[in-house]
Amino acid sequence: MSDLSDGNGAAGAGGPAGGRGVLHVKGRVLVGPDEVRDELWVVGGRISYARPPGARDITTVAGWVLPGLVDAHCHVGLDAHGPVDAGTAERQALADRDAGTLLIRDAGSPSDTRWIDGRDDLPKIIRAGRHIARTRRYIRNYAHEIEPAELVAHVAREAVRGDGWVKLVGDWIDRRIGDLAPCWPRTEVEAAIAEAHRLGARVTAHCFAEDSLRDLVEAGIDCIEHATGLTEDTIPLFAERGVAIVPTLVNIATFPKMAAGGEAKFPRWSAHMRRLHERRHDTVRAARDAGIAVYVGTDAGGSLPHGLVAAEVAELVKAGFPPLEALSATTWAARAWLGRPGLTEGAPADLVVYGSDPRADVRTLAQPLRVVVNGVVRA
C-alpha cells in the first residue's frame, strides 16, 4: 500500500515543496502503540487530523505510518579519529534521515553542528555537548580530558552548551591494571550531577563494565549508555531509581573484534570484553523484565556508519523484546522520554511511511517507502 500523487492521481515529484500545498497521508497512521488512525493532513509543515477546508495542490502518500524514528545514541560530527568537517557531518545526518531517523540525541561530539538546526531537510538533534573524560582514559580527540577536581566546572559548561544533556565517560580501560575501571570518585560525580540538575540538564554516562554503575546511579544519574555491566545486584537499583539505558547492541557486537585487537597487550581487558559481549542479550532482557526503560541507540559516528536504527530495533527483538516494545523504544516512548512530539495535532510533520505493518515485523523499518521531514517528502 503506497502512493505518491497529486489530487488528480498524477505522480508527484517529492511532495509539497518548501511547505507549499497540502500533504495527505493515508493508510494506517500509528499514532501510538494502541492508537491507529486512517489519515492525517500536513499543512504548513504541521500535522492536522482535520481536512483543511478548500485544500488544493494535494499530494497523497499512503502506507503504514510511524513518527520519525529516534536514535538516542548517535554522534553527528564525529568519526573514528575525532571531529569531522561540515560536509561529512551533513552526509552523516542525511544517512540517518534516509533510514527514517528524524530525531537524534547526539551523545557527545567535539564538532559544532548547530548549523543543522537551520536545515529543514535534516533530522532534529538534541545535543549532549562534548564528552567529558578522565585524562588519557578515552578515545583520542573525542573528549574534554580532565581530572576529578575539574569535573563540576566542565559539567556546568557542557550543560549550558548542550540541549539539556551532559555526557560523561564513566569507565574505560585503565592501563595500570589492564582492565576497565571507573573514571571518577563518588564525591566528584555527586557534585557534578547535582550541578547539571541545578542547571536543568540530565546526565548520561558511557559505561561498559560493572564497577562504576552503583556510584553513578546513587549519585543521581539519569541514563547509562551501553550498560553491558548490569548485574542482578544493580538491575534492581536502576529500576528503583528510574535510570534508563541505551544499550547500543549493534556497537556491542564489535566487542570480539576489539578484544582480539588488544589481547596481546591487555589480556584481562580482552577477556572482560568478551564476557560482556556473550551476555549482552541476557543483560538487556533482564533490564527490560525488571521495568528499566530501554531506548534505541546505535552509537553511529565513531567506528560505525550512520543509518543503523532498524538493525538496533531488530537486536532488541532478538534479545527477547516483544516487537511492539522494541518499536516503541525508537518511536512513541523514545520521543516522550526526550520531550519531543510524535504524530500529534500541530506537531512538526516528521514521519516515515512503510509498505507493511512494522508492528508485525520490525525488519520493515529497514525499507522505508517515504521519509517526510517538516512536511516535505525528502526520501
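Preceding this paragraph is the structure being described.
Throughout, a residue's number is its position along its own chain's written sequence, starting from 1. At least 70 in pLDDT is required for a residue's local features to be given in this predicted model, at least 80 for side-chain atom pairs to be given and counted, and no such filter applies to totals for whole chains, interfaces and linings, which use all residues. The basis for every side-chain value is the complete set of heavy atoms in the structure, and neither hydrogens nor water enter the calculation.

Enquirer: Before we go on, may I ask you to explain the overall build of the protein chain in this structure?
Expert: Think of it this way: any DSSP run of H or I at least four residues long counts as a helix, any run of E at least two long counts as a strand, and we number them from the N terminus. For the protein chain, the helix and strand inventory stands at 12 helices and 21 strands. With the principal axes as the frame, the protein chain shows a C-alpha extent of 70 × 40 × 35 Å. Remark: exposure states derive from per-residue accessible area (1.4 Å probe, protein chains only) relative to the maximum for the residue type, with buried under 20%, exposed over 50%, and partly exposed in between. Scored against the burial criterion, the 379 residues of the protein chain give a buried share of 56%. Note on definitions: a residue-residue contact is assigned when non-hydrogen atoms from the two residues lie within 4.5 Å. In the protein chain, the proportion of contacts linking residues at least 24 apart, taken out of those at least 6 apart, comes to 65%. Surface accessibility follows the Shrake-Rupley procedure with a 1.4 Å probe radius. Residue values consider only the protein chains on display as shielding. Of the accessible surface of the protein chain, which amounts to about 15,100 Å², a share of 48% is contributed by carbon and sulfur atoms. Taking the average place of the 45 positive charges on the side chains of the protein chain and the average place of its 50 negative ones, the gap between the two points comes to 3 Å. Lys and Arg are tallied as positive, Asp and Glu as negative. Neither His nor the chain termini are counted. A single reference atom marks each charge: NZ on Lys, CZ on Arg, CG on Asp, CD on Glu.

Enquirer: Explain the pairing of strand S5 (residues 58-67) to me, please; I cannot follow it from the model alone.
Expert: A large share of S5 lies buried, amounting to 10 of its 10 residues. Criterion used throughout: strands pair if DSSP finds at least two bridges between them. Bridge count for strand S2 (residues 22-32) against S5 is 8 bridges, and the pairing is parallel. Paired with Gly27 across the two strands is Gly63, which belongs to S5. Inspection of the sheet shows S5 paired to strand S19 (residues 351-354) by 4 bridges, in the antiparallel sense. In the sheet register, Pro67 faces S19, and the bridge partner there is Leu351.

Enquirer: What is the right way to read the layout of surface pockets from this model?
Expert: Over the atoms, a rolled probe matching the size of one water molecule traces out where space is still vacant. Put plainly, a pocket is an open set of points on a 1 Å grid over the protein atoms alone with protein on both sides within 12 Å along at least five of seven lines, a cavity is a set where a 1.4 Å probe fits but cannot get out, and a lining residue has an atom within 4 Å of a point. Grid points are joined across faces, edges and corners, and a volume is the space filled by probe spheres set on the points. Size it by volume and the largest pocket reaches roughly 390 Å³. Polar here means any residue other than Ala, Val, Leu, Ile, Met, Phe, Trp, Tyr, Cys and Pro, which are nonpolar, and Asp, Glu, Lys and Arg, which are charged; Gly is therefore polar. A per-class count over the lining of the largest pocket returns 9 nonpolar, 9 polar and 3 charged.

Enquirer: It is not clear to me how the pattern of salt bridges should be interpreted in this structure. Could you clarify?
Expert: For side chains bearing opposite charge, pairing can occur when the charged atoms are close. Any Lys or Arg side-chain nitrogen located within 4 Å of an Asp or Glu carboxyl oxygen qualifies as a salt bridge. Summed over all chains, the structure comprises 28 salt bridges. The partner of Asp117 in a salt bridge is Arg114, with the nearest N and O atoms 3.7 Å apart. For Asp117, a relative accessible area of 45% gives the class partly exposed. Given a relative accessible area of 33%, Arg114 falls into the partly exposed group.

Enquirer: When you look at a positive patch on the surface in this model, what are you seeing that I'm missing?
Expert: Like charges are joined within 9 Å and nonpolar side chains (Val, Leu, Ile, Met, Phe, Trp, Tyr) within 5 Å, but only among residues with over 30% relative accessible area and no salt bridge; these make up the patches. A surface patch of positive charge is lined by Arg136, Arg140, Arg175 and Lys265. Within the fold, Lys265 resides in the loop between helix H7 (255-262) and helix H8 (267-278).

Enquirer: What is the right way to read the nonpolar core from this model?
Expert: In a soluble, globular protein the nonpolar side chains are often hidden away together inside. Counting 75 residues, the largest nonpolar core has Leu151, Leu168, Ile221, Ile224, Phe238, Ile245 and Leu316 as the members making the most contacts within it. The residues touching Leu316, leaving out its near neighbours within four places in the chain, are Pro247, Leu249, Val284, Val294, Val296, Phe321, Ala326 and Ala329. Here the nonpolar core consists of buried residues drawn from Ala, Val, Leu, Ile, Met, Phe, Trp, Tyr and Cys, with membership extended through side-chain atoms lying within 4.5 Å. Counting residues in hydrophobic clusters, the runner-up holds 16 residues, among them Val25, Leu40, Ile47 and Tyr49.

Enquirer: I would appreciate a short explanation of empty space enclosed by the protein in the present structure.
Expert: In this structure the tally under the stated criterion is 3 cavities of 30 Å³ or more. Around the largest cavity, the lining residues are His226, Ala227, Thr228, Leu230, Ile245, Pro247, Leu249, Ile252, Arg280, Thr283, Val284 and Ala287. At the level of elements, helix H6 (249-252) and helix H9 (280-289) are the ones that each hand at least two residues to the lining of the largest cavity. A total of 4 residues in the lining of the largest cavity trace back to one element, the largest contributor, which is H9. Taken together, the residues of the lining of the largest cavity sort by class into 8 nonpolar, 3 polar and 1 charged.

Enquirer: Mind showing me how you'd approach the pairing of strand S15 (residues 179-182) here?
Expert: Regular strands place their side chains on alternate faces of the sheet. Pairing of strand S14 (residues 171-174) with S15, which is carried by 4 bridges, proceeds in the antiparallel orientation. When the sheet's bridge partners are listed, Asp171 is paired in S15 with Pro182. With antiparallel pairing between neighbouring strands as the criterion, S14 and S15 make up a hairpin whose turn holds 4 residues, including Gly178 at a positive phi of roughly 75 degrees.

Enquirer: So what exactly am I meant to see when it comes to the packing of aromatic side chains here?
Expert: For any pair of aromatic rings, geometry is given as the distance between the ring centres together with the angle between the planes. Working definition: a ring pair exists when centres of Phe, Tyr or Trp rings (six-membered ring for Trp) sit within 6.5 Å. Plane angles under 30 degrees give stacked, over 60 give edge-to-face, the rest tilted. The full count for this structure, using the stated rule, is 6 aromatic pairs. Taken together, a centroid distance of 4.8 Å and an interplanar angle of 75 degrees make the contact between Tyr138 and Trp172 edge-to-face. Taken as a pair, Tyr138 in the loop between strand S11 (132-134) and strand S12 (144-146) and Trp172 in strand S14 lie far apart in primary sequence, 34 residues in all. The same class applies to Tyr138 and to Trp172, which are both buried. By the ring-pair criterion, three or more aromatic residues cluster together here, those being Tyr138, Tyr142, Trp172, Phe208 and Phe255. Two conditions define a charge located above a ring, namely a distance within 6 Å from the ring centre to NZ of Lys or CZ of Arg, and an angle within 35 degrees of the ring normal. The ring of Trp165 carries Arg105 above its face, with NZ or CZ at 4.6 Å from the centroid.

Enquirer: Hey, could you run me through the sheet that holds strand S9 (residues 101-106) in this one?
Expert: What links the strands of a sheet is backbone hydrogen bonding, and the strands pair in either a parallel or an antiparallel sense. Strand order in this open sheet of 3 strands is S6-S9-S10, and the pairing throughout is parallel. Either end of the sheet is taken by a strand with one partner, and the two such strands are strand S6 (69-74) and strand S10 (124-127). Across the sheet, the axes of successive neighbouring strands diverge by a mean angle of 20 degrees, strand direction being ignored. With 4 bridges joining them, S9 and S10 adopt parallel strand pairing. Pairing of Leu103 across the sheet is with Lys124, part of S10. To get an axis, a line is fitted to the C-alpha atoms, and for a helix only the part in contact is used. The angle between two axes follows their N-to-C directions and goes from 0 to 180 degrees.

Enquirer: How should I be thinking about H9 in this particular structure?
Expert: Because an α-helix packs 3.6 residues into every turn, residues spaced three or four apart end up facing the same way. What H9 keeps buried is the set Arg280, His281, Thr283, Val284 and Ala287. All buried residues of H9 lie within an arc of 160 degrees about the axis, which places them on one face of the element. On its buried face, H9 is in contact with helix H5 (235-241), strand S18 (244-246), H6, H8 and helix H10 (309-318). Where H9 ends, the next residue or the one after it, Gly291, has phi of about 95 degrees, a positive value. The directions from the helix axis to the C-beta atoms are what the arc is built from.

Enquirer: Looking at this model, I keep getting lost on the side chain of Glu158. Mind explaining?
Expert: Mapped onto the secondary structure, Glu158 falls in helix H2 (residues 151-161). Residue Glu158 is classed as buried on the basis of its relative accessible area of 2%. Side-chain polar atoms of Glu158 contact the backbone nitrogen of Arg130, separated by 2.8 Å. Aside from chain neighbours lying at most four places away, what touches Glu158 is Gly129, Arg130, Ile132, His144, Trp165 and Val166. Counted as a polar contact is a pair of N or O atoms within 3.5 Å, where, for protein atoms, one must be capable of donating a hydrogen and the other of accepting one, and residues adjacent in sequence contribute only when both atoms are in side chains.

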